[in-house]
Amino acid sequence: MPAAPPVQPVPNARGTPPSAQVQSLARISAERPGLRKQLIASTLNHGRELLISLARVTGGWIGWTPTNLRGIAEQLAFVTLDERSLRRIGDIEQAALVNRALESCIAAGSIGTTFAKLSHSLGFRSALRDALLELRTAGVTPEQVARSTTEASPSRELAALLAAYEQLLLAGNLADSATLFCVALEV
C-alpha cells in the first residue's frame, strides 16, 4: 500500500493551523480511509470536539467513532455483569448511593461529628463522593484506608463510609464504575 500523502494543515478562520492532535487524526484518516477507527478520549465530548476539528480540516470524519475508557469497559463487561446479575448504575445513582452510605454512617455513629456537621454541604458531599470513587477505582479497601491513616485523621472516616457504600452495592447487586473496570479487566 503506498504511503498516504502528507496532510497539509488547513488554517482555521483565525488563520492558525490545526493542533498536532488534529493533524495526526488527519494523517491517520488519509492512511486508512476505509477502516473503522476509534478515538479514545478522556470524555466523549472531548472526542467529538476533536472529530469536529478534524472535519473542518479534511471535510469529514467518516469511519471515526469517539469513545472513552468507560465505554470500552462497558462493552467488555456487558455479558459478565449480566451473568453475575449485576446492574450497572450511572453517575446520579452512584451519588445517591454515596449519600445513603453517609447518612447510614451518621445514623450508626460510625463516623465522627465533623463529617456529620459538614454533611449538609453539597460541596462536602461532592468531595466525599469523588474521594470515595477514586479509592474504589484504585482498588483500595476500607481496611487499607483504616491501616494507613491515624485515629485523628479525617481520612480515617472514609474507611467506614467506603465499607457502607460497598455494602449498599452488594445488597442491591449494583455495579459502579470501579466494579465495571474490574470486571472488564477480568474478561
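Presented here is an overview of the structure given in this document. (Residues numbered from 1 in each chain as written. Predicted model: local features only at pLDDT ≥ 70, side-chain atom pairs only at ≥ 80, totals over all residues. Heavy atoms only, no water.)

Let us now look at unusual backbone geometry. Positive phi values are uncommon outside glycine, yet serine 85 reaches one of about 55°. Counting through the fold element by element, serine 85 comes out in the loop between α3 (69-83) and β3 (87-88). (Helix = DSSP H or I, 4+ residues; strand = E, 2+ residues; numbered from the N terminus.)

On to the environment of glycine 71, then. As for its position among the elements, glycine 71 is in helix α3. In the structure, glycine 71 is positioned 52 residues away from glycine 123 in sequence and 28 Å away in space, judged by C-alpha atoms.

Nonpolar side chains tend toward joint burial in soluble globular proteins. Membership of the largest hydrophobic core comes to 23 residues, with the highest contact counts inside it found for Leu97, Leu128, Leu161 and Tyr165. Those elements giving two or more residues to this core turn out to be α4 (91-108), α6 (122-137) and α8 (157-171). Among the elements that take part in this core, α8 stands out by supplying eight residues, more than any other. When sequence neighbours within four positions are dropped, the list of residues in contact with leucine 161 reads Val98, Ala101, Leu102, Cys105, Leu128 and Leu132. The next biggest cluster of nonpolar side chains, apart from the first, holds nine residues, and it includes Val22, Leu25, Leu51 and Leu54. (Core = buried A, V, L, I, M, F, W, Y, C linked by side-chain atoms within 4.5 Å. Buried < 20%, exposed > 50% of the residue type's maximum accessible area, 1.4 Å probe, protein only. Contact = heavy atoms within 4.5 Å.)

Tallied over the full model, the rule gives ten salt bridges. Here aspartate 91 and arginine 70 are joined by a salt bridge, their closest N and O atoms 2.8 Å apart. With a gap of 21 residues between them, aspartate 91 in helix α4 and arginine 70 in helix α3 connect regions that are remote in the sequence. A relative accessible area of 46% means that aspartate 91 is categorised as partly exposed. For arginine 70, a relative accessible area of 24% translates into the label partly exposed. (Salt bridge = Lys/Arg side-chain N within 4 Å of Asp/Glu carboxyl O.)

If you check helix α2 (residues 44-58), its first and last C-alpha atoms are 21 Å apart, about what 15 residues at 1.5 Å a residue would give, namely 21 Å. Of all the positions in α2, only Gly47, Leu50, Leu51, Leu54 and Val57 are classed as buried. Buried residues of α2, viewed axially, fall in a sector of 110°; they line one side. Residues of α2 that are exposed and point more than 90 degrees away from the buried face comprise Asn45 and Arg56. In this fold, the buried residues of α2 make contact with α1 (20-31), β1 (37-40) and β2 (64-67). (Expected span 1.5 Å × (residues − 1). Arc of directions from axis to C-beta.)

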